[in-house]
Every structure is written in structure tokens, then in C-alpha cells.
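# Notes for the structure review
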Amino acid sequence: MSATNPIKTKGLNVAAIREDFPILQQTVNGKPLIYLDSAATTQKPEAVIQAMDEYYHKYNAIVHRGVYALAEEATARYEGARKKIQKFINAKSYREIVYTRNTTESINLVAYAWGRKNIHAGDEIVTTLLEHHSNIVPWQLLAKEKGAALKFIDVDENGLLRGEQIETLVTEKTKLVAATMASNVTGTLTPIKQIIERAHAVGAVCVVDAAQSVPHMPVDVQSLDADFLAFSGHKMLGPFVGILYGKRALLEAMDPFLGGGDMIREVFMDHSTWNELPWKFEAGTPAIMEGIAMSAAIDYLNALGMDHVRAHERDLAAYALDKMRDVEGVRIVGPLDADQRGGVIAFAVPEVHPHDVAQIFDREGICVRAGHHCAMPLHEHYGLAATTRASFYVYNAPEEIDKLVETLAKVRQIFRG
Ligand code: 7TS
């Protein structure tokens, strides 16, 4: 892939983008590295690596507490990155952006701090069969503790959510709906706006898992009217930090999640009072460097344009679906229409274990993931214990998909003996 021969989808100039990612310049097992595991974590462009490096070289210091120049610099950049994240998802205020460790912690924060106050015996929580375990298990724990019921919106034969169940399962008994915008297995895009509207129509709040959507398409929390929305910086070119968006009124009314330094206003021997939003939910020393480097990740994505990112991934998915369907016996899970899915394709090869598939891919320098991808109920729905998954991002080119399909054909040959 040379810079003089840019490979283009409708959305992006991949050859130019690839030059910004040092890790992609290497060979693995003597083959050019083909990274197809961005749903797990994305690679980082030079600008993000430099932002992390610069922090440790120039202004490593604690935020919020120091009065010296270094600490002021760190604080300004850390809080500046928060404002950039706010704008990126069009939140009304930076006070609605809470730094966490990851999407998982963001969802757990809501389950503890909102859920334990607002869910009672007999209430219902509705989620979907498409969810990652991080948007199932916290609700199971909450439901069990409170004597509430947890219900699942099912998936149809095309890998889409059963639209009618959004109406029938979300009822007056429902207090919370937790749904993903995009599946990390089938890639399915859900009718999240309709789900949020339905939740609000019955007086419930809606928690949106945006781990596979904020990195891949324009997301506007105000136009969605999302109550809570969770995502991970490391899945969008940034470091290991998570974000929770929450409507200000909801966050104000919640008790803290974790107790400790920074989240308090005053501490007495018998009680404490809380800091303002968003710091009320940020106990202890945060991931400062990680937060700061989110700024560079968002600058990079903004320069590409999120519409272009989505168009690029849609085209890659369409290209891959088309080619993979020609490989005899390969079963693709989820929708076969690229307009209905993100750049994630999980598949099964008959009589070959997904780990063996992934190992053969590795020999060719191709990184794919094998397993249940933290979505066991969805795999059970498909009657599969595991799948192999390829997931795409801004630096992937159609030529890499050609290699994927070529290797897939090889897997079939090897195991046919
Ligand atoms: N929700 C979805 C839809 C995800 O894809 C993931 C991670 C999470 C939540 C959890 O994110 P975390 O940052 O808290 O770990 N998904 C994957 C994956 O597909 N492979 O590895 C992690």
C-alpha cells in the first residue's frame, strides 16, 4: 500500500491515514501486519502517541490540586479534553461528561448510582440480546439485589432487533432500558432513537452502550435524547479511558459511585458533602495522561469527519460481505445488508474451531479475534459457542479484505484435508 497509489473507499484516503500509524508499518511472521481487531481496541496515530509522550516529558503532575505551573498545565489540558469530548457528542455541558476507566465502568456507575436509588422490587429492566456482557451483567446484579425483572428484546432472522418487542416489552413497569447502538458481534445497528422514545413514553430512562458507535459514526446525545451514554477512548484511537455522558438533572440527583478524594466538597467525621459535577463521580487520582490524549484522538477523527468514517466502514463491510459470501460454507452472523451494520463481521467455518481459524490468520499476519466476544447470550441464540471476528477501522483497506478472504479459503482447504 504505497502513498503514491492511494486506496480509496467513498470515505477516506487510507494510504495517507496508514502513514500516521507507526504500528501498522511492521511485518508479523514475515507478512505485512493486517489489523482487523479494532472492535477490541484500535491502534493509535502518531499524534496520540506524541500527546501521551509529551505529558510525561513536559508536565506530568496531579490535576485539580496543584498550584504550580506544571499542575495548572495538566489540569487545563485534562479539562480541555473533557470539553472536546463534550462537543464531539454534542452534550450541552462539560458537567455531563464523566471520565471513567472504560465503557464497562461507565455502565456500572449508572447501575450503582442511579439503579440502586431508583429500581425497586417488581420493577422491570429491559435490555437486548445483542448486548456485550457489560450491558447485561450489571443489570442482572441490580435486578437480583432489588427483586426486579430483567427482560431481553430478541433478534430476528436477519440479525436485527425485533421492533415489535420494543413496544411490547417496554411497558409501564419498565424503569430502565439498556441498549446498544451497534453490536460488537453482528455489527447490527439498532433503532436506538425509537428505543429511547419508547423508554421515555413509559417514564423509563435509557442507557445507551455506544462503545461501537461513537468511534464509528456521528453521535449526537441531544438529538438522540439519550439519558446516559457510555463509550471507551481506547476504541476510538485514544488511550485506556472511558466516558459516561449523563443528563445533568439525572447526574445531580444521583448519589456518588465511589467515595474518596476529589469527589467531595467537605468531609466531617459523621458525614460528607459532594463536589460539583462531573467531579462528584471521579473519586481518586484519575487517568490524567489518558484523558489529555483523548484530545488528540478527537482532533484526528474530526479532521477525517465522522460521516466519512461511517461511509468508509460501510463500504468496507459491503465489500467484505460480498466476498465472504462466496467462500463455500462460511456462515456470517447478523445482517447481510451493510447499511444495517457497522464494520464488524463475525463468522463461523463449519467443523473448524474459531481459535484454529484465528491461528491460521495469524500466520498470515492477520489479527482477528476468536471467541464469544463477551456476548454469550447472542452466540447461544445462533447456536454457536464461538465465532471468528474481523472488525474494521479508518486504517483498513479493501486489499486487506482480499487477503482475509483468501486466507479464509485456505482455512477451508486445510481442514478439508
Ligand atoms: N460494549 C460493547 C458494545 C463493546 O464492544 C465493548 C468491548 C464493551 C461494551 C466494553 O468495553 P470496555 O472498554 O469496557 O472493555 N468490546 C470488546 C470486543 O468486542 N472485543 O474486546 C472488547
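Just so you know, these numbers come straight off a predicted model, no measurement behind them.

### Description of the overall build of the protein
- Within the protein, the secondary structure is distributed over 14 helices and 17 strands.
- For 417 residues, the compact-globule estimate of 2.2 N^0.38 gives 22 Å, and the C-alpha radius of gyration of the protein, at 22 Å, lies within 12% of that figure.
- Considering only C-alpha atoms, the protein reaches an extent of 75 × 55 × 35 Å along its principal axes.
- Out of the 417 residues belonging to the protein, those deemed buried represent 57%.
- Across the protein, contacts joining residues at least 24 apart in sequence account for 70% of those joining residues at least 6 apart.
- For the protein, the computed accessible surface area is about 17000 Å², with 51% contributed by carbon and sulfur atoms.
- The protein carries 43 positive and 52 negative side-chain charges, and their two centres are separated by 1 Å.

### Here we look at the domain arrangement of the protein
- Domain boundaries assigned for the protein yield domain 1 (8-41 + 306-416) and domain 2 (50-302).
- Looking only at domain 1, the three residues that lose the most surface to domain 2 are Met306, Leu378 and Tyr393, adding up to 24% of its buried area.
- Where domain 1 meets domain 2, there are zero salt bridges.
- Summed over the shared surface of domain 1 and domain 2, the number is 15 residue pairs in polar contact (both at pLDDT 80 or more).

### With respect to the packing of helix H11 (residues 306-324) against helix H14 (residues 398-416)
- Relative orientation of the contacting elements H11 and H14 amounts to 25°, with a least axis distance of 10 Å. By the criterion of interaxial angle, the relationship of H11 to H14 is roughly parallel. Where H11 crosses over H14, the handedness of that crossing is right-handed. In this structure, H11 contributes Leu316, Tyr319, Ala320, Lys323 and Met324 to the contact, and H14 contributes Pro398, Ile401, Asp402, Leu404, Val405 and Leu408.
- By residue class, the composition of the contact of H11 with H14 is nine nonpolar, no polar and two charged.

### Regarding the packing of aromatic side chains
- One pass over the structure, following the stated rule, counts nine aromatic pairs.
- Summarising the aromatic geometry, the rings of Tyr55 and Tyr56 are spaced 5.0 Å apart at their centres and angled 70° between planes, so their arrangement reads as edge-to-face.
- You can call Tyr55 buried: its relative accessible area is 3%.
- Measuring from centroid to centroid gives 6.3 Å for Tyr94 and Trp279, while their planes differ by 50°, and the two rings are tilted. Taken together, the residues Tyr94 in the loop between helix H3 (69-88) and strand S4 (97-100) and Trp279 in the loop between strand S12 (272-274) and helix H10 (288-304) connect sequence positions 185 residues apart.
- Since its relative accessible area comes to 14%, Trp279 is described here as buried.
- Among the aromatic residues, ring-to-ring pairing joins Phe21, Tyr300, Tyr393 and Tyr395 into one connected group.

### Things to note about the pairing of S4
- By the alternation rule, side chains of S4 split into Ile97 and Tyr99 and Val98 and Thr100, which are all buried.
- Sheet topology places S4 next to strand S10 (residues 242-246); four bridges connect them, and they run antiparallel. Note on S10: the bridge partner recorded for Val98 is Leu244.

### Observations concerning empty space enclosed by the protein
- In total, this model carries one cavity of 30 Å³ or more according to the counting rule given.
- Volume-wise, the largest cavity comes out at about 60 Å³.
- The class makeup of the residues in the lining of the largest cavity is four nonpolar, eight polar and one charged.
- Residue contributions to the lining of the largest cavity reach at least three from each of two domains, namely domain 1 (8-41 + 306-416) and domain 2 (50-302).

### What to know about the site of the ligand
- Of all residues adjacent to the ligand, which total 16 residues, the nearest are Thr104, Asp209, Ser232, Arg369 and Arg389.
- One nitrogen or oxygen atom from the side chain of Thr104 is found 2.5 Å from an oxygen atom belonging to the ligand.
- Taking 480 Å² as the accessible area of the ligand by itself, protein coverage stands at 90%.
- The residues that make up the shell around the ligand include at least three from each of domain 1 (8-41 + 306-416) and domain 2 (50-302).

### Some remarks on the sheet that holds strand S8 (residues 205-209)
- Read from one edge to the other, the open sheet built from seven strands follows the order S4-S10-S9-S8-S7-S5-S6, with strand pairing classed as mixed. Two strands lie at the open edges of the sheet, namely S4 and strand S6 (149-153), each paired on one side alone. Within the sheet, the average angular offset between the axes of one strand and its neighbour, ignoring direction, is 20°.

### A short note on unusual backbone geometry
- The linkage connecting Leu277 with the following residue, Pro278, adopts the cis geometry, with an omega of 0°.
- Position of Pro278 relative to the elements: it lies in the loop between S12 and H10.
- Even without being glycine, Leu237 reaches a positive phi, approximately 75°.
- With relative accessibility at 0%, the residue Leu237 sits in the buried group.
- Within the chain, Asp262 stands out as a residue other than glycine whose phi angle is a positive 75°.
- Inspection of the secondary structure assignment puts Asp262 in the loop between helix H9 (248-253) and strand S11 (264-267).

Calculation notes
Counting from 1, residues in each chain are numbered in the order their sequence is written. pLDDT decides what is reported in this predicted model: residues at 70 or higher carry local features, side-chain atom pairs at 80 or more are listed and counted, and totals for whole chains, interfaces and linings draw on all residues regardless. Excluded from the side-chain calculations are hydrogens and water; all other atoms, namely the structure's heavy atoms, are used. In this text, helices come from DSSP runs of H or I with a minimum length of four residues, and strands from runs of E with a minimum of two, each type numbered from the N-terminal end. Here the radius of gyration uses the C-alpha set of atoms, whereas the globule reference equals 2.2 Å times the residue count to the power 0.38. Type-normalised accessible area, obtained with a 1.4 Å probe on protein chains alone, sets the label of each residue: buried when under 20%, exposed when over 50%, and partly exposed for intermediate values. Contacts between residues were defined by any pair of non-hydrogen atoms, one from each residue, lying within 4.5 Å. Methods summary: accessible areas were calculated by the Shrake-Rupley approach with a probe of 1.4 Å, and residue burial reflects only the protein chains presented. All tallies of charge rest on Lys and Arg as positive and Asp and Glu as negative; His and the ends of each chain are not included. Charged side chains are reduced to one point each, which is NZ for Lys, CZ for Arg, CG for Asp and CD for Glu. Where each domain starts and ends comes from a domain assignment, either automatic or drawn from a database. By definition, the buried area sums, over both parts, the 1.4 Å-probe accessible area that each loses when the two are put together. For this document, the term salt bridge refers to a Lys or Arg side-chain nitrogen within 4 Å of an Asp or Glu carboxyl oxygen. N or O atoms within 3.5 Å of each other form a polar contact, as long as, within protein, one can give a hydrogen and the other can take it, and as long as residues adjacent in sequence are counted only when both atoms are side-chain atoms. In this description, a line fitted to the C-alpha atoms serves as the axis of each element, helices being fitted only across the stretch in contact, and the angle between N-to-C directions of two axes falls anywhere from 0 to 180 degrees. With respect to orientation, any angle under 35 degrees is reported as roughly parallel, any angle over 145 as roughly antiparallel, any angle of 65 to 115 as roughly perpendicular, and every other angle as oblique. Here a crossing is taken to be left-handed if its near helix is turned anticlockwise relative to the far helix by less than a right angle, and right-handed if that turn runs clockwise. Amino acid classes used here: Ala, Val, Leu, Ile, Met, Phe, Trp, Tyr, Cys and Pro are nonpolar; Asp, Glu, Lys and Arg are charged; the rest, including Gly, are polar. Aromatic rings from Phe, Tyr and Trp, taking only the six-membered ring of Trp, are treated as a pair when their centres fall within 6.5 Å; an angle between ring planes under 30 degrees marks them as stacked, one over 60 as edge-to-face, and anything in between as tilted. Here, strands pair whenever DSSP counts at least two bridges between them. Every definition here rests on a 1 Å grid over the protein atoms only: cavities are sets of points where a 1.4 Å probe fits but cannot get out, pockets are open sets enclosed by protein on both sides within 12 Å along at least five of seven lines, and lining residues have some atom within 4 Å of a point. Grid points are joined across faces, edges and corners, and a volume is the space filled by probe spheres set on the points. Throughout, the term near means that a residue has one or more heavy atoms lying within 4 Å of the molecule or strand in question.

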